[in-house]
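# Notes for the structure review
Given next are the chains, with one letter for each unit.
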Amino acid sequence: MRSRSLVVLMLSVTGFLRDARVSCCDESCTNKPVFTPSSLVVRFGDSTSANCSVCEDACVRNQYDVESPVGQKTKMGSTILWTVDALTEWSPSSLCYYSNDAGQQCCTYLPVTVYQPPHKVSISVNHTGPMVEGHQYTLQCTVEDVAPVKNLFVTFYRGQTALGLPQSINRPDEEPVTQNFPQHINPGREDDGAEFWCEAKLELGPEGPKLPPVETSQKITATVHYKPHLEGSSPPDPIRVQEGELLQLNCPAVANPPPLYTWTHGSEKIEVSEDVLTINSTTVSDGGKYTCSVVNKMGNVTREFDVEVQESYTVIIIVIIAAVVLLIAILGLVAYRYCYKPGRVGRSHSAVPTAD
């Protein structure tokens, strides 16, 4: 027990002396130590190393060293090699220093960024069931166990289109944390069936890996309910057809839930429940106003058609020709019966007298 207390006391004194030395060192001195590289970005658990050129050879006779909570140091003249086999500290930044002849300390810090890619990235929405067109909803991207969170950038996507700029948060945490990022959306009919997802990327600068660590969430498919919307251009006004021709009225619409169709001709309901009304052979009575009504639980929309059915002169001509032909036939039959009536032929010739 006594030896344990002694060890704790020695460590405390050592830490105090190190802190006192660090607190009084000068980072702006002329001939300060130089780290190579000047900063490090290391994945948690990986190995790393750096060289510190302390000063000119003249300072070797003075006190110089590298202070770090982890790793080993190897002195080679005025150069110190600092190595770590497996970096498992989240704040391992190191200090290289020396004392000049006047007892002043000159030092340089080695910034070390320890990173950990996200353990998991997921996306959710603050709603269950279908969304409604025009209402606002919030997507949430949850990034789990990532470090350092200040280097994290999150982007939301609809399909392959980014929803705004990447988001970040200014938190000083060096150890892994879980962070949520929100994104507001106002879905419309074009978002029905769209896939939403998010991407988490660690931007670690030029000292970091060439390909920044990236993790993506699962994709959620949006179901959006919206009132009917008519498609296509408006029909001509009026629609003119010849009597006897085909009439086809189109009323295409998109809606979710799927809509119901009703057709009326004037005030009379037509037994058609589709988006197309077809009359194979029109008559004059088929002219007038037609109304297509499209409705679902979200709303309704209508389209009107003004139809003119023009009398067909071809039919009239055919009827006239048929009447003339019939009249000629009747007249011919009457003439025939008049001219060739039985008995009329015998009376038209006198008998030849005979000699007594």
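Read on for an overview of the structure. (Residues numbered from 1 in each chain as written. Predicted model: local features only at pLDDT ≥ 70, side-chain atom pairs only at ≥ 80, totals over all residues. Heavy atoms only, no water.)

On a plain count of helices and strands, the protein comes out with two helices and 27 strands. Buried positions account for 34% of the 356 residues belonging to the protein. Put simply, 67% of the contacts in the protein that link residues at least 6 apart link residues at least 24 apart. Surface summary for the protein: the accessible area is close to 22200 Å², and the carbon and sulfur share equals 53%. (Helix = DSSP H or I, 4+ residues; strand = E, 2+ residues; numbered from the N terminus. Buried < 20%, exposed > 50% of the residue type's maximum accessible area, 1.4 Å probe, protein only. Contact = heavy atoms within 4.5 Å. Areas by Shrake-Rupley, 256 points an atom, 1.4 Å probe, with all protein chains shown as cover.)

If you walk through the whole model with that rule in mind, you get three aromatic pairs. One Lys or Arg, K75, reaches over the ring of Y64 and ends 4.5 Å from the middle of that ring. Its guanidinium or amino end placed over the ring of W197, K219 lies 5.8 Å from that ring's centre, counting from NZ or CZ. (Phe/Tyr/Trp six-rings, centres within 6.5 Å; stacked < 30°, edge-to-face > 60°. Lys NZ or Arg CZ within 6 Å of the ring centre and 35° of its normal.)

Turning to a nonpolar patch on the surface, a few remarks are in order. Among the surface-exposed residues, Y313, I316, I317, I320, I321, V324, V325 and I328 lie close enough to one another that they form a single nonpolar patch of about 800 Å² accessible area. Counting through the fold element by element, I328 comes out in helix α2 (residues 313–339). Owing to a relative accessible area of 55%, I328 belongs among the exposed residues under this scheme. (Patch = residues over 30% accessible without salt bridge, like charges linked within 9 Å, V, L, I, M, F, W, Y side chains within 5 Å. Salt bridge = Lys/Arg side-chain N within 4 Å of Asp/Glu carboxyl O.)

Further remarks concern unusual backbone geometry. Along the chain, A147 connects to P148 via a cis peptide bond; the corresponding omega equals -15°. Its place among the elements puts P148 in the loop between β12 (137–146) and β13 (152–158). Residue P257 is reached from N256 by a cis peptide bond, and omega for that bond is 5°. Along the chain, P257 falls in the loop between β22 (253–256) and β23 (260–265). The phi angle at D145 is positive, at roughly 50°, despite the residue not being glycine. Of note, D145 is situated in strand β12.

Most of β13 is tucked away, with five of its seven residues classed as buried. Note: β13 against strand β16 (residues 195–202), seven bridges, orientation antiparallel. In the sheet register, R158 faces β16, and the bridge partner there is F196. Sheet topology note: the β13/strand β14 (residues 161–162) ladder contains two bridges and is antiparallel. When the bridges of β14 are listed, R158 appears paired with T161. (Pairing = 2+ DSSP bridges.)

As used here, a disulfide is simply a covalent bond connecting the sulfur atoms of two cysteines. All chains considered together, the criterion is met by five disulfides. Residue pairing for C29: its cysteine sulfur links by disulfide to C106, the two sulfurs lying 1.5 Å apart. A torsion of 60° about the S-S bond marks the disulfide between C29 and C106 as right-handed. With a gap of 77 residues between them, C29 in the loop between α1 (2–23) and β1 (34–36) and C106 in strand β8 (residues 105–110) connect regions that are remote in the sequence. The exposure classification of C29 matches that of C106, with both residues buried. Across a sulfur-sulfur distance of 1.8 Å, C52 and C96 are joined as a disulfide pair. With the S-S dihedral at roughly -90°, the linkage between C52 and C96 falls on the left-handed side. Of the two residues, C52 sits in strand β3 (residues 48–53) while C96 sits in strand β7 (residues 94–99), which places them 44 residues apart along the sequence. (Disulfide = S-S within 2.5 Å.)

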